[in-house]
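# Secondary and tertiary structure notes
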Amino acid sequence: MLLTKACPWPFSGCPLRAMLPCMVFHNAGTCKHTGHGRSAFLFSRFNDNAVYSLPADYSRRVPMPSHLVWQCVDAECPPMVPDYVRRINTLVERLRRRGGKTVFAVSREVHVELHPFDIFTRLASAYPDAFVFCWKTPDMPEAWIGATPEVLAEASDRIFRTMALAGTRRRGGRDIPWDEKNVEEQRMVRDFIIDTCREHGLRPTCTAPFTKAAGPVEHICNMIEASTPQRFDTLSMAVALSPTPAVCGLPRAEALEDIAELEDMERDFYGGWCGVTDGDGLCRLFVTLRCMSLDLSACRAKLYAGGGVTHKSDAASEWAEVNAKMGTLLSVLQGGTSARAVQLKK
């Protein structure tokens, strides 16, 4: 499978296995992607139709470490911030009146002294079934690193594939029925994706829901696929799907208004998407989740995580969920133990 490393550090892989090649991009500046027959690493910000490209013309392959085995442990959950409770309660009251869901995200800053490549290889070892990525370009102040479990758009052999991934709980309850709040939240995501596919002329089929593990948590998932016509624009489909209710909410317009008013931070690339294309129809794009931005000069990483809020949500459960998701990154940053939090926005 493909691993990428872009100028001077973008890498990605899905999934990692011992000694898989890593694609390294040298001195390749970003540009707007035109979609005309070029292999590239692509990425896009949250709720932004602009697609950025790191072309593969500057690439070479290098081996990944085969000896590294990284086991993550649960990170400590910090005390709940009072202002977080207020914002969640405000959101729950709105959703009681109008219905739907809104994904409310938080960020946390931690001190870190690891090189981005070390963080990347630890994540790739700890989460072999995730799409593990890292990129930085000369015109960006931070590197972006993460391990996402969520496929946004994949196309090959005239088959389009995606997934409806939502609902979260601690890993280990695979044989326990999901509660009504999580089932309802995930159903909104599934129905939105199916409706969007149909609006673009596809006839999607959907698997039965199953529990998908992702690090210390697990989610409800449906795999969705459809046959495509000879000339099918996967990137346009990705832009239409993004942001899905899994990272934004439903109805989308109202959820975006909630996010702009209540989150008090810029998501930037968190909740956007990234992936690879060969320029000839093969495309693998993933939602940019379980991620961090890394400021190398300040030795600071900003971690991002969000949770779907409905009228059945409570602040304590949502707080536990976002911190469990951040645990994917926190234990990697501090050698298997929780990182020292220096700031939590919310």
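A quick note: this is a predicted structure, and the numbers were derived from the prediction, not measured. (Residues numbered from 1 in each chain as written. Predicted model: local features only at pLDDT ≥ 70, side-chain atom pairs only at ≥ 80, totals over all residues. Heavy atoms only, no water.)

## What about the overall build of the protein chain?
The helix and strand inventory of the protein chain stands at six helices and 21 strands. Counting over 346 residues, the protein chain shows a buried share of 56%. Partitioning the contacts of the protein chain with sequence separation of at least 6, the portion at a separation of at least 24 is 71%. (Helix = DSSP H or I, 4+ residues; strand = E, 2+ residues; numbered from the N terminus. Buried < 20%, exposed > 50% of the residue type's maximum accessible area, 1.4 Å probe, protein only. Contact = heavy atoms within 4.5 Å.)

## Here's the deal with unusual backbone geometry
Negative phi characterises most residues that are not glycine, and trans characterises most peptide bonds. The omega torsion of the bond from Ser242 to Pro243 falls at 0 degrees, within 30 degrees of zero and hence cis. Look at Asp264: it is not a glycine, yet its phi comes out positive at around 60 degrees. Mapped onto the elements of the fold, Asp264 is located in the loop between helix H5 (252-262) and strand S17 (273-277). What makes Asp264 partly exposed here is its relative accessible area of 47%. Phi at Asp268 is positive, roughly 60 degrees, even though this residue is not glycine. Positionally, Asp268 belongs in the loop between H5 and S17.

## Focus: the packing of helix H1 (residues 82-98) against helix H6 (residues 315-333)
Geometry of a packed helix pair, given as the angle between the helix axes and the separation of the axes. Relative to each other, H1 and H6 sit at 115 degrees, their axes nearing to 9 Å. One way to sum up the angle between H1 and H6 is to call them roughly perpendicular. As H1 runs across H6, the sense of the crossing is right-handed. Across from Tyr84, Val85 and Ile88 in H1, the residues of H6 making contact are Ala315, Glu318, Trp319 and Val322. A per-class count over the contact of H1 with H6 returns six nonpolar, no polar and one charged. (Axes fitted to C-alpha atoms, helices over the stretch in contact; angles between N-to-C directions. Parallel < 35°, antiparallel > 145°, perpendicular 65-115°, else oblique. Left-handed = near helix turned anticlockwise from the far one by under 90°. Nonpolar A, V, L, I, M, F, W, Y, C, P; charged D, E, K, R; others polar.)

## A word on the environment of Asp129
Position of Asp129 among the secondary structure elements: in the loop between helix H2 (116-126) and strand S9 (131-135). When its relative accessible area of 58% is taken as the criterion, Asp129 is described as exposed. Taking the C-alpha atoms as reference points, Asp129 and Ala213, separated by 84 residues in sequence, lie 9.4 Å from one another.

## Remarks on the packing of aromatic side chains
Enumeration according to the criterion identifies 15 aromatic pairs in this entry. For the ring pair Tyr84 and Trp319, a centre distance of 4.9 Å and an interplane angle of 65 degrees mean the geometry is edge-to-face. Taken together, the residues span a long stretch of sequence, with Tyr84 in helix H1 and Trp319 in helix H6 at a distance of 235 residues. In this structure, Tyr84 and Trp319 share a single accessibility class: buried. Put simply, the rings of Phe41, Phe43, Tyr52, Phe133, Trp135, Trp144, Phe269, Tyr270 and Tyr304 pair up and form one aromatic cluster. Seen from the ring of Trp178, Arg169 lies directly overhead, with NZ or CZ sitting 4.0 Å from the centre. Arg267 extends its terminal NZ or CZ atom over the ring of Phe46, reaching a point 4.4 Å from the ring centre. (Phe/Tyr/Trp six-rings, centres within 6.5 Å; stacked < 30°, edge-to-face > 60°. Lys NZ or Arg CZ within 6 Å of the ring centre and 35° of its normal.)

## Here's the deal with the pairing of strand S6 (residues 52-55)
Every second residue of S6 is oriented toward a common face, with Tyr52 and Leu54 on one face and Ser53 and Pro55 on the other, all of them buried. Bridging between strand S5 (residues 40-44) and S6 involves four bridges; their strand directions are antiparallel. In the strand pairing of S6, Phe41 is matched with Leu54. (Pairing = 2+ DSSP bridges.)

## Examining the pattern of salt bridges
Between side chains of opposite charge, a pair can form when the charged atoms approach closely. If you walk through the whole model with that rule in mind, you get 20 salt bridges. In this structure, the salt-bridge partner of Asp83 is Arg86, at a minimum N-O distance of 2.9 Å. Here Arg86 and Asp83 lie together in helix H1, a separation of three residues that amounts to about one turn. For Arg86, a relative accessible area of 45% translates into the label partly exposed. Between Lys312 and Glu180 there is a salt bridge, with the nearest N and O atoms lying 2.5 Å from each other. Here Lys312 is found in the loop between strand S20 (300-309) and H6, whereas its partner Glu180 is found in helix H3 (residues 180-199), with 132 residues between them in sequence. Its relative accessible area of 33% is what places Lys312 among the partly exposed residues. Residue Glu180 is classed as exposed on the basis of its relative accessible area, which comes to 56%. The network of salt bridges with shared partners includes Arg94, Arg98, Asp258 and Glu261. (Salt bridge = Lys/Arg side-chain N within 4 Å of Asp/Glu carboxyl O.)

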